[in-house]
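# Architecture and fold: a report
Each chain, letter by letter, is given below.
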There are 2 protein chains.
Amino acid sequence: MGGTNTDIGLVSENGNIIQRRTIPTNAYTELEPYVRDMMREVEDMVKEQTTIDGIAVQLDGIGIGAPNGNYYTGCVDNAPNLTIKGVLDFGKEIHRYRDLPVVLSNDANAAAYGEYIYGGAQGLKHFIMFTLGTGVGSGIVIDGKLVHGSTGGAGELGHNILIPHGRKCSCGREGCLETYTSARGIVQTYLELRRENPDQERMLKEVPDAEISSKLIGEAAHQGDPVALRTWEIVGDQLGLAMANSVTFSAPEAIFLMGGPTLVGEPLLRPLRAAFEKYLLNIYQGSCQIRMSELKSNEVAILGAAALIKMPRE
Amino acid sequence: MGGTNTDIGLVSENGNIIQRRTIPTNAYTELEPYVRDMMREVEDMVKEQTTIDGIAVQLDGIGIGAPNGNYYTGCVDNAPNLTIKGVLDFGKEIHRYRDLPVVLSNDANAAAYGEYIYGGAQGLKHFIMFTLGTGVGSGIVIDGKLVHGSTGGAGELGHNILIPHGRKCSCGREGCLETYTSARGIVQTYLELRRENPDQERMLKEVPDAEISSKLIGEAAHQGDPVALRTWEIVGDQLGLAMANSVTFSAPEAIFLMGGPTLVGEPLLRPLRAAFEKYLLNIYQGSCQIRMSELKSNEVAILGAAALIKMPRE
């Protein structure tokens, strides 16, 4: 469930997306019609796909990854970027249509669990996922269990304060990791650098400030633009520091990375890995790898949500 | 097990220290004679205390809190501040004398678990312990389980980099929390302030730099010394930031605080609580308390070690 669209998928036991649909989240202001239409798509998928590999389709449950999704309550709590306002009790609404387990978590936690069940984190016990996009999200797995914390809202490393009294964040505080390594933060760094070094800019010289995107900065870096390359160096250093700090918490075996800005690859990963080594406490050297998510970017949302159904319930 | 002394205690089921002994850690350079003398004290305590509340004493196990103690291997791994060098396999040595469960962890983790079993964290499921002393240690409990991580070395928040490119740390990096809020870090802040404001110093004016201690700075603060008060304000702000950052990881119900420098009380706690509120992400407001350890400072080491025996083993 994103602010603009909701991706809905029918996922097989082994993690194949068999059917998928999309409905426009921002066309709704009430939960009831939204869930009604969502469940209509679900029933439609099940009707179209009566068997998988010759076996009759039987739904095990419905998993939902949503902004401000709370695992404990099964509700979405006042997500600022949704047009459906308030505390949204998905379990209650969905149970009007189907008597199935409904498991809900925030989108980054779901993405981490998707990596664990279907992606590169299979078999690991301790890892952290950082998702870079409009914001920076994270999900943490310790001893094979997703960390929800006492409130259901654990794993918000995008709002770890990286630089005290640093950039103003949308959360009202200053210096959060998100202000530096989200798509918007990366653009801000580029804009700062272009102002300081007007003579060094090459590829994006003619592009006005308002049209600069992390994607363009990525392309410019691959063409050798020094301002773009310097941008990724700075972002890699900042993200590497944040990752090294997170290791002091749970000593994970791996830290995974996903999301649009990470698709740039080496211009980010090279300085990121160097910074991670530099900032990592000696006792952890060699114990933790930085890895890219192995899930396809257009499948993460659905596979993450589906994976939640695999979570052992107490 | 400290660098100078080893405290050994016989602890009853309900957390009373029935007998206690001390041996000088730094008198040993080999594990064998050290464990021999340790076990001699253990046997001596059991001989003196044959019954507790009329019930015959029977040892359930031996818990050890030690610097660089590794829960998974049961070894102390090259602790820089011990005179006994190398990788020390306590389980193997102790089993020469007694066939008992031996559980070992690092000292801060043991302190956290002691708080959980015998102190103020009883009944909580998610909390973090910060121990302030020569260094800054931490122990993390999530879902009622101590976090060991993939290496056994999780929970080193004293080496979370709080201020990028900040003070030089003994670990070789810069800006670690420990360089600001350990006893030594607090003294350094005081010394910096006294140099900048020579006219404002009152109580400790005549005390040379080398004799300033966090204890003296605490006493001066209680007498209204402005430089001392300002020192605790800065330390409280730094520690509050570190604590607020740790909440984004595991969303704990409480953060506990223990150790010599924390005994100063309000001059530290007032700015600490204010900073914690200020730096805490809005979604966590009101969900996490800052609390002082409820274990006596001279009992923490023994009770923490004893608590390790209560840990569910897999």
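All residue numbers refer to positions counted from 1 along the written sequence of the respective chain. Lettering of chains starts at A and numbering of ligands starts at 1, both following the order in which they are written. Only residues with pLDDT of at least 70 are given local features in this predicted model, and only at 80 or more are side-chain atom pairs given and counted; all residues enter the totals for whole chains, interfaces and linings. The basis for every side-chain value is the complete set of non-hydrogen atoms in the structure, without hydrogens or water.

## Regarding unusual backbone geometry
Residue and element names in this part refer to chain A.
- Here N78, not a glycine, exhibits a phi torsion of approximately 45°, which is positive.
- Looking at the element boundaries, N78 is found in the loop between β7 (75–77) and β8 (87–89).
- Non-glycine residue H165 carries a positive phi angle of around 60°.
- Strands are runs of DSSP state E lasting at least two residues, helices are runs of H or I lasting at least four, and both sets are numbered from the N terminus onward. Structurally, the position occupied by H165 is in the loop between β12 (145–146) and α4 (178–181).
- For each residue, the accessible area found with a 1.4 Å probe, counting protein chains only, is set against the maximum for its type, and the residue is called buried under 20%, exposed over 50%, and partly exposed in between. You can call H165 exposed: its relative accessible area is 57%.

## Notes on the relation of the copies chain B and chain A
- Once chain B is rotated about the relating axis by 180° and shifted along it by 0.0 Å, it coincides with chain A to within an RMSD of 0.0 Å. Overall, the copies show the geometry of a two-fold rotation axis. Relative to the rotation axis, the closest C-alpha in chain B is found at B:I163, a distance of 3.4 Å.
- We call two residues in contact when some of their heavy atoms are within 4.5 Å. A share of 100% of the interface residues of chain B reappears at the interface of chain A, consistent with the copies meeting face to face through the same patch. For this overlay, a least-squares fit was computed on C-alpha atoms, restricted to residues scoring pLDDT of at least 70 in both copies.

## Concerning the packing of aromatic side chains
- Aromatic rings from Phe, Tyr and Trp, with only the six-membered ring used for Trp, were paired whenever their centres fell within 6.5 Å, and each pair was classed as stacked if the ring planes differed by under 30 degrees, edge-to-face if by over 60, and tilted otherwise. Counted according to the given criterion, the structure contains 13 aromatic pairs over all chains.
- When the centroid spacing of 5.4 Å and the interplanar angle of 75° are considered together, the rings of B:Y28 and B:Y34 count as edge-to-face.
- Classification of B:Y34 by relative accessible area gives buried; the value is 1%.
- An aromatic cluster is defined as three or more aromatic residues linked by ring pairs; in this entry it consists of A:Y113, A:Y116, A:F127 and A:F256.

## Quick notes on the environment of A:L124
All names here are of chain A.
- Its location among the elements puts L124 in the loop between α3 (107–118) and β10 (127–132).
- Given a relative accessible area of 14%, L124 falls into the buried group.
- Those residues in contact with L124 that sit more than four places away from it in its chain are Y116, E253, A254, F256 and R291.

## A few points about the sheet that holds strand β8 (residues 87–89) of chain B
Residue and element names in this part refer to chain B.
- An order of β6-β7-β8 is seen for the 3 strands of this open sheet, with the pairing classed as antiparallel. The strands lining the two open edges of the sheet, one partner per strand, are β6 (69–70) and β8.
- Note on pairing: DSSP must find at least two bridges between two strands before they are called paired. Examined bridge by bridge, β6 and strand β7 (residues 75–77) share 2 bridges and lie antiparallel to one another. Bridge assignment links G69 to a residue of β7, and that residue is V76.

## Some thoughts on the pattern of salt bridges
All names here are of chain A.
- Salt bridges are identified by distance alone: a Lys or Arg side-chain nitrogen within 4 Å of an Asp or Glu carboxyl oxygen. Within this structure, the stated rule accounts for 37 salt bridges over all chains.
- Across the pair D37 and R40 runs a salt bridge, and its minimum N-O distance is 3.7 Å. You can see D37 and its partner R40 sitting in helix α1 (residues 31–48), 3 residues apart, about one turn around the helix.
- Judged by its relative accessible area of 14%, D37 is buried.
- Salt bridges here are not isolated pairs; linked through shared partners, they connect R21, E41, D44 and E48.

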